[in-house]
Amino acid sequence: MAETSHPEAPAEGSSQANATPVYEIGFHIVPTVGDEGVSAVVESVRKALGDAEIISEGFPKKITLAYQVERAAGGKREKYTESYFGHIKFAMQREGITAFTTAMRVMNPILRFLIIETVREDIATAPRRAVFTSDRLEGKTLEKPVAAP
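So, here is what we can say about the structure in this document.

Concerning the overall build of the chain
Part 1 of the reasoning: Tallying secondary structure elements over the chain gives two helices and five strands in all.
Part 2 of the reasoning: Put simply, the chain runs from its N terminus to its C terminus through helices and strands in the order β-β-α-β-β-α-β.
Part 3 of the reasoning: Here the chain, with 149 residues, has 28% of them falling under the buried criterion.
Part 4 of the reasoning: Considering only contacts within the chain whose residues lie at least 6 apart along the sequence, 75% involve residues at least 24 apart.
Part 5 of the reasoning: A total accessible area of about 10900 Å² is found for the chain, and carbon and sulfur atoms account for 53% of it.

Laid out in structure tokens, this is it:
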């Protein structure tokens with residue numbers, strides 16, 4: 001199953017109107033390829049990207065799926081409860097996404113994939129909110145106020 005998400009295009013006058021859109025693909029690889037076959041599948045995904053700029057990448061790791069995934073293959077149903085999950089963030093012209101999606105659909109080792117449009121910055125490493133402390137209460141125990149009878 002594959003889906004592509006395209007948020008609203010930026011306005012014509014904006015500075016991002018001429019910028020190359022950034023996408024991220026998350027994909028599941030069937031567990032039957034084994035640990036040694038995962039790198040070959042990732043290489044074929046990178047090859048399908050062509051001359052796209054790769055911004056970041058997460059090498060696939062074996063995970064247990066939340067539910068059993070089935071797919072038809074040669075007249076029978078394959079059932080999977082595990083897969084190797086990886087992701088690649090890349091910049092590519094919008095016209096190339098259709099060809100890339102078609103190339104991903106015909107890759108047999110790919111169980112499922114999802115392509116979304118995203119931002120170039122890595123939001124996972126964004127600074128977190130600061131936690132403030134106070135020196136005036138240091139060493140003191142806060143007690144619940146006692147209500148007057």
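Some thoughts on helix H2 (residues 94–105)
Part 1 of the reasoning: If you check H2, its first and last C-alpha atoms are 18 Å apart, about what 12 residues at 1.5 Å a residue would give, namely 16 Å.
Part 2 of the reasoning: By the burial criterion, the buried members of H2 are Ile97, Phe100, Thr101 and Met104. Along the axis of H2, the buried residues cluster in a sector spanning 105 degrees; they form a single face. Away from its buried face by more than 90 degrees, H2 exposes Glu95, Thr98 and Ala99.

Describing the pattern of salt bridges
Part 1 of the reasoning: For the structure shown, the criterion picks out six salt bridges.
Part 2 of the reasoning: With its nearest N and O atoms 3.0 Å apart, the salt bridge here joins Glu57 to Arg46. Of this pair, Glu57 sits in strand E3 (residues 53–73) while Arg46 is found in helix H1 (residues 34–49), placing the two residues 11 residues apart along the sequence.
Part 3 of the reasoning: In this structure, the salt-bridge partner of Glu82 is Lys62, at a minimum N-O distance of 3.5 Å. Within this pair, whereas Glu82 is found in strand E4 (residues 76–91), its partner Lys62 is found in strand E3, the two being separated by 20 residues in sequence.
Part 4 of the reasoning: Using a relative accessible area of 33% as the deciding quantity, one classes Glu82 as partly exposed.
Part 5 of the reasoning: The exposure class assigned to Lys62 is partly exposed, which follows from its relative accessible area of 45%.

Describing the pairing of E3
Part 1 of the reasoning: Relative to E4, E3 runs antiparallel, the two sharing 14 bridges. Within the sheet, the bridge partner assigned to Ala73 lies in E4 and is Lys76.
Part 2 of the reasoning: Between E3 and E4, which follow one another and run antiparallel, lie two residues, and Gly74 among them has a positive phi close to 60 degrees.

Definitions and limits used
All residue numbers here refer to positions counted from 1 along the written sequence of the relevant chain. Only residues with pLDDT of 70 or above have their local features reported here, since the model is predicted, and side-chain atom pairs are shown and tallied only from 80 upward, although totals for entire chains, interfaces and linings are computed over all residues. No hydrogens and no water enter the side-chain calculation; it runs on all heavy atoms of the structure. Helix and strand assignments come from DSSP, with helices taken as H or I runs of at least 4 residues and strands as E runs of at least 2, each series counted from the N terminus. Note on exposure labels: buried denotes an accessible area under 20% of the residue type's maximum, exposed denotes more than 50%, and partly exposed covers the range between, all computed with a 1.4 Å probe on protein chains only. Working rule for contacts: check all heavy atoms of both residues, and any pair within 4.5 Å makes them a contact. Areas reported here follow the Shrake-Rupley algorithm with a probe of radius 1.4 Å; residue values treat only the protein chains shown as occluding. Expected helix span is given by 1.5 Å per residue-to-residue step, counting one fewer step than there are residues. By arc we mean the arc of the directions from the helix axis to the C-beta atoms, nothing more. Each salt bridge in this description consists of a side-chain nitrogen of Lys or Arg and a carboxyl oxygen of Asp or Glu lying within 4 Å of one another. At least two bridges found by DSSP between two strands is the condition for calling them paired.

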